[in-house]
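# Structural overview for review
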Amino acid sequence: MGDVAKDLTAGTVGGASQLICGHPFDTIKVKLQSQPVPLPGQAPKFSGAIDAVKQTVAREGAGGLYKGMGAPLATVAALNAICFAARGQMEALLRSEPGSPLTINQQIICGAGAGVAVAFPACPTELIKCRLQAQSAMAEAGSAGVAVKYAGPVDVARHAYQTAGVRGLFRGLVPTLAREIPGNAAMFGVYEGLKQYLAGGLDTSKLGRGSFMLAGGLAGGSFWIFVYPTDVVKSAIQVDDFKNPKYSGSIDAFRKILAAEGVKGLYKGFTPAMARSVPANAACFLAYEMARSSLG
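Residues numbered from 1 in each chain as written. Predicted model: local features only at pLDDT ≥ 70, side-chain atom pairs only at ≥ 80, totals over all residues. Heavy atoms only, no water.

### Let's talk about the nonpolar core
Cut-off, in case you're wondering: In this description, a nonpolar core means a group of buried Ala, Val, Leu, Ile, Met, Phe, Trp, Tyr and Cys residues linked to one another through side-chain atoms lying within 4.5 Å. Exposure categories follow from relative accessible area, calculated using a 1.4 Å probe and restricted to protein chains: below 20% of the type maximum is buried, above 50% is exposed, and the middle band is partly exposed. Helix and strand assignments follow DSSP, with helices taken as H or I runs no shorter than four residues and strands as E runs no shorter than two, numbered in order from the N terminus. In this description, contact between two residues means that some pair of their heavy atoms is separated by no more than 4.5 Å.
One finds Phe84, Met187, Phe188, Tyr191, Ile257 and Phe285 to be the most contacted residues of the largest nonpolar core, which totals 34 residues. Elements with a minimum of two residues in this core: α3 (70-94), α4 (104-140), α6 (173-199), α7 (209-238), α8 (250-261) and α9 (270-294). Here this core gets eleven residues from one element, more than from any other, and that element is α7. Leaving out residues up to four positions away in the same chain, Phe188 has contacts with Cys83, Phe84, Arg87, Gln107, Gly111, Ala114 and Phe285. Membership of the second largest hydrophobic core comes to eight residues, among which are Leu127, Ile128, Ala160 and Phe242.

Here it is in structure tokens:
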């Protein structure tokens, strides 16, 4: 198999593993990010991540933690395939000769390039996922943004297109790019750096599964540390009402969240995001490395 085909296949396996492991954490993250600001004297709908889990399971059952999984289940494998394949092609461009190892700075550049490639298909997928995940909490709070009840992923996509055309499906593209480019640059840079550290040199071919999981988990955590506020802005824009939007754009959303809730508002859902990212990316990178190795 060619290198592109290997990266596509291994990335698909890695993406599926990541989704199965991490989606419930992602659901809680989005619920916390999208809950309305409470009126003065009122408590927020969710007091924290554990409370959000309890309320979600009580109202929707355990399946509520997997709300919105249809869209990423159909596409996350493809998104990871694109990400890893784009990174592989960037690596090939930067190598001085076939098979030669890259520096950490070069791996950061490769990660940034992968972020550009994955942001465009990721944006409509994220919009569908976020609107499905957030609609129950927002409806209970009386938000106008959920006047439309979605039957599923296709219904969200149909409504977005009918209401705002193609632009509706790509709402939140700017913060998606602002998340994916630096986030993937950090993640792949940290991943390769940790692998080289654990291997004691540039040759990481002899590392075991535990090393891949450790490097992948910590690399996944680094993604969110660098870009989390942009993800909050992205989610706020993507769950906003199409006809009567609260935010005019990314900068406006950032300013309004900061003014209403302070810096803390830009880190809503950070705990479940980190709790998800470490095991989910440990599973993703391990699955990728194992699949890539098995393909020869």
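Structure's up, so let's keep going.
### Considerations on the packing of aromatic side chains
Formally: The pairing test for Phe, Tyr and Trp rings, Trp by its six-membered ring, is centres within 6.5 Å, and the orientation test on the planes gives stacked under 30 degrees, edge-to-face over 60, and tilted for anything in between.
Applying the stated rule across the entire model yields ten aromatic pairs. Look at Phe84 and Phe285: their rings are 5.8 Å apart centre to centre, the planes differ by 80°, and that puts the pair in the edge-to-face class. Of this pair, Phe84 sits in helix α3 while Phe285 is found in helix α9, placing the two residues 201 residues apart along the sequence. Across this residue pair, the class does not change: Phe84 and Phe285 are buried. With 5.1 Å between their ring centres and 65° between their planes, Phe223 and Trp224 make a pair best called edge-to-face. By relative accessible area, which is 8% here, Phe223 ends up buried. The rings of Phe84, Phe188, Tyr191, Phe285 and Tyr288 are connected pair by pair, giving a single aromatic cluster.

### Structural notes on the environment of Cys284
Its place among the elements puts Cys284 in helix α9. Sequence separation between Cys284 and Gly269 is 15 residues; the distance between their C-alpha atoms is 21 Å. If sequence neighbours within four positions are ignored, Cys284 has contacts with Gly14, Gly15, Gln18, Asn80 and Phe84.

### Notes on the UniProt feature "repeat: Solcar" (unreviewed entry) in the protein chain
The line we're drawing: UniProt positions are given in the numbering used here, feature names are shortened, and annotations may be inferred rather than shown by experiment.
Here, UniProt's "repeat: Solcar" (unreviewed entry) annotation points to residues 2-93, 105-197 and 207-294. Between the C-alpha atoms that bound residues 207-294 there is a distance of 15 Å. The span itself is 76% helix and 0% strand.

### Structural notes on the packing of α7 against α9
As a reminder, the rule being used: All axes here are fitted lines through C-alpha atoms, helices being fitted over the stretch that makes contact, and every angle between N-to-C directions spans 0 to 180 degrees. Relative orientations are named as follows: roughly parallel for angles under 35 degrees, roughly antiparallel for angles over 145 degrees, roughly perpendicular for angles from 65 to 115 degrees, and oblique for any other angle. The crossing is said to be left-handed when, going from far helix to near helix, the turn is anticlockwise and less than a right angle, and right-handed when the turn is clockwise.
As a packed pair, α7 and α9 sit with axes 7 Å apart at the nearest point and diverge in direction by 140°. Classed by the angle they form, the pair α7 and α9 counts as oblique. Pair α7 / α9 crosses with right-handed handedness. Within the contact between the two elements, α7 uses Arg209, Phe212, Met213, Gly216, Gly217, Gly220, Gly221, Trp224, Ile225 and Tyr228 and α9 uses Phe270, Ala273, Met274, Arg276, Ser277, Val278, Asn281, Ala282, Phe285, Leu286, Glu289 and Met290.

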